[in-house]
Amino acid sequence: MYLEPTTIFFPTLSARNLNGRTLTLPAEFGGAFNIAIIAFRRWHQALVDSWFPFLNPLLAAHPNLRAYELPIIGRQYTLARLFIDGGMAFAIPDPAVRNRTLTVYTDVRQVVAALQIPSIETITLLLVDRTGRIFWRDTGPYTAERAEGLEQTLATLLQ
């Protein structure tokens, strides 16, 4: 669903990709527009993966668009970060996928509240710029209807 740009803002978060680079989001997202796929559970990976057959050609067609996987992990696991991130990185042989996977160790409830995420039992997708303006959101695995909403929003923004 398209959102008025000032309705909700992406909060400032410290993240690290699985190649070891630390970023401050949303300012250091790589695109003018960025699809942030936020996951809370390990089993959410299948939901995240369901989007990339659709997203890969979309990303190739729009050089100023990027997509990121953002596992949001409770702050209490920060001491295990090397183990958790290392396990994820080991399981992902593609350096480009490791580069777009940004782990965030933080207060999960604060992120959920700031982004007005209705449930952590599924993934949330956001289209956001580097200032934190959110232009589109949806939840759940890929469906043609959800993808159409993203495409329509991008068409409006990129015209």
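Bear in mind that the values here come from a model prediction, so they are computed numbers and not experimental data. (Residues numbered from 1 in each chain as written. Predicted model: local features only at pLDDT ≥ 70, side-chain atom pairs only at ≥ 80, totals over all residues. Heavy atoms only, no water.)

Asks: How should I be thinking about the pairing of strand β6 (residues 124–128) in this particular structure?
Replies: When a strand is regular, its side chains alternate between the sheet's two faces. Of all five residues in β6, five are buried, a share of seventy percent or more. Residues Thr124, Leu126 and Val128 of β6 are buried on one face, and the alternating residues Leu125 and Leu127, pointing to the opposite face, are buried as well. Where strand β3 (residues 33–39) and β6 come together, five bridges link them in antiparallel fashion. The residue of β6 that forms the bridge with Ala36 is Leu126. (Buried < 20%, exposed > 50% of the residue type's maximum accessible area, 1.4 Å probe, protein only. Helix = DSSP H or I, 4+ residues; strand = E, 2+ residues; numbered from the N terminus. Pairing = 2+ DSSP bridges.)

Asks: Looking at this structure, how should I read helix α4 (residues 108–115)?
Replies: Restricting attention to buried positions, one finds in α4 the residues Val111, Val112 and Leu115. Looking straight down α4, one finds that the buried residues subtend no more than 100° of arc, so they occupy a single side. Exposed and facing more than 90 degrees away from the buried side of α4 are Arg109, Gln110 and Ala113. Where α4 is buried, its residues touch β1 (13–17), β3, β4 (65–74), β5 (102–106), β6 and β7 (134–139). With a side-chain oxygen lying 3.0 Å from the backbone nitrogen of Arg109, the N-terminal cap of α4 falls on Asp107. A positive phi of about 50° marks Gln116, the residue just after α4. (Arc of directions from axis to C-beta. Contact = heavy atoms within 4.5 Å. Polar contact = N/O pair within 3.5 Å; in protein donor to acceptor, adjacent residues only side chain to side chain.)

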